[in-house]
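Working through the structure, step by step
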Amino acid sequence: MMIRYKMDICAALRERKYNSKLLQKNGELNAKVWTKLSRGEPISLESLGKVCHLLHKQPGDLIEFVNG
């Protein structure tokens, strides 16, 4: 069982004109979170909430539960 991303989160953020440096400068996401997202690694719920806000999405739009 695991939770995985339904989309490339970093690509979706770049489409909305966000990048790692801009997000760090604005205090929205740090470099560590960006790196985890780019590798498909889990992030905290707080960071997921920030990503949802930036992309105007619900958590279920970004992640899914996979059984098996």
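Heads up: the structure comes first, above all this text.
Residues numbered from 1 in each chain as written. Predicted model: local features only at pLDDT ≥ 70, side-chain atom pairs only at ≥ 80, totals over all residues. Heavy atoms only, no water.

1. What about the pattern of salt bridges?
With the rule as written, the count across this model stands at two salt bridges. Notably, a salt bridge pairs Glu64 with Arg4, separated by 2.9 Å at the nearest N-O pair. One end of the pair, Glu64, is in strand E2 (residues 63–66); the other, Arg4, is in strand E1 (residues 2–5), and 60 residues separate them in sequence. Given a relative accessible area of 41%, Arg4 falls into the partly exposed group. Close ionic contact of Glu46 with Lys50 constitutes a salt bridge, the shortest N to O distance being 3.8 Å. Separated by four residues within a single helix, Glu46 and Lys50 lie in helix H4 (residues 45–55), roughly one turn from each other. What makes Glu46 exposed here is its relative accessible area of 58%. Judged by its relative accessible area of 32%, Lys50 falls in the partly exposed class. (Salt bridge = Lys/Arg side-chain N within 4 Å of Asp/Glu carboxyl O. Helix = DSSP H or I, 4+ residues; strand = E, 2+ residues; numbered from the N terminus. Buried < 20%, exposed > 50% of the residue type's maximum accessible area, 1.4 Å probe, protein only.)

2. Some remarks on unusual backbone geometry
Even without glycine at this site, Lys17 takes up a positive phi of about 70°. Looking at where Lys17 falls in the secondary structure, it is placed in the loop between helix H1 (9–15) and helix H2 (20–25). Positive phi outside glycine occurs at His56, with the angle close to 55°. The topology assignment puts His56 in the loop between H4 and helix H5 (59–62).

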